[in-house]
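Residues per chain, in single letters:
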Amino acid sequence: MHINFRVTKDLRERLDKRPSSDWSPSEVSEVLSECSVFVTAALLKDFLRSLPDCLLMCQHYRSWVGLAREHEQQQQQQQQQQQQQQNKAVVDPVKR
């Protein structure tokens, strides 16, 4: 646990040395890929805790839940379409 704290601190300092506008997505991805998922998660948690306001406002709860449900339905539809295509690919040669 102590090691992760030190690595997280080092990573935060490394990222803070340059303004966020100077980082390309590929550079950030490269830096984060050098760290364990636990260090990356700790850094994300620190960032979220440092935000001055809540990320998900209570008055928008129903909107957030609705969006999550829509996303889940879209994923289910995509999975069904993929399964149908896979089934068709298997059955069509047998029919001939």
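Residues numbered from 1 in each chain as written. Predicted model: local features only at pLDDT ≥ 70, side-chain atom pairs only at ≥ 80, totals over all residues. Heavy atoms only, no water.

Caption draft 1: Layout of the nonpolar core. The biggest cluster of nonpolar side chains holds six residues, and these are Leu-11, Leu-15, Trp-23, Val-31, Val-39 and Leu-43. Mapped by element, the contributors of at least two residues to this core are helix H1 (2–16) and helix H3 (37–50). With sequence-adjacent residues up to four places away left out, Val-39 is seen in contact with Asn-4, Val-7, Thr-8 and Leu-11. (Core = buried A, V, L, I, M, F, W, Y, C linked by side-chain atoms within 4.5 Å. Buried < 20%, exposed > 50% of the residue type's maximum accessible area, 1.4 Å probe, protein only. Helix = DSSP H or I, 4+ residues; strand = E, 2+ residues; numbered from the N terminus. Contact = heavy atoms within 4.5 Å.)

Caption draft 2: Fine view of the environment of Val-31. Position of Val-31 relative to the elements: it lies in helix H2 (residues 25–33). It is 8.3 Å that separates the C-alpha atoms of Val-31 and Leu-11, two residues lying 20 residues apart in sequence. Among all residues touching Val-31, those that are not within four sequence positions of it are Leu-11, Arg-14, Leu-15 and Trp-23.

Caption draft 3: Up close: the pattern of salt bridges. Applying the stated criterion across every chain yields a total of five salt bridges. Between Glu-27 and Arg-18 there is a salt bridge, and its shortest N-O distance comes to 3.1 Å. The exposure class assigned to Glu-27 is partly exposed, which follows from its relative accessible area of 29%. The partly exposed category is assigned to Arg-18, whose relative accessible area is 31%. In this structure, Arg-49 and Asp-46 form a salt bridge, with 3.7 Å as the shortest nitrogen-oxygen distance. (Salt bridge = Lys/Arg side-chain N within 4 Å of Asp/Glu carboxyl O.)

Caption draft 4: Focus on the layout of surface pockets. There is about 360 Å³ of room inside the largest pocket. Residue lining of the largest pocket: 13 residues in total, with Leu-15, Asp-16, Val-28, Leu-43 and Phe-47 positioned closest to the centre. Among the secondary structure elements, those contributing two or more residues to the lining of the largest pocket are H1, H2 and H3. The element best represented in the lining of the largest pocket is H3, accounting for five residues. (1 Å grid on protein atoms, 1.4 Å probe; cavity = no way out; pocket = protein on both sides within 12 Å on 5 of 7 lines; lining within 4 Å. Points joined across faces, edges and corners; volume = space filled by probe spheres on them.)

Caption draft 5: Spatial organisation of a nonpolar patch on the surface. There is a patch of nonpolar side chains on the surface, built from Leu-44, Phe-47, Leu-48, Leu-55, Leu-56, Trp-64 and Leu-67 and spanning about 720 Å² of accessible area. Every element with two or more residues in the nonpolar patch is listed here: H3 and helix H4 (61–95). Locating Trp-64 in the fold gives a position in helix H4. By relative accessible area, Trp-64 is classed as partly exposed at 42%. (Patch = residues over 30% accessible without salt bridge, like charges linked within 9 Å, V, L, I, M, F, W, Y side chains within 5 Å. Areas by Shrake-Rupley, 256 points an atom, 1.4 Å probe, with all protein chains shown as cover.)

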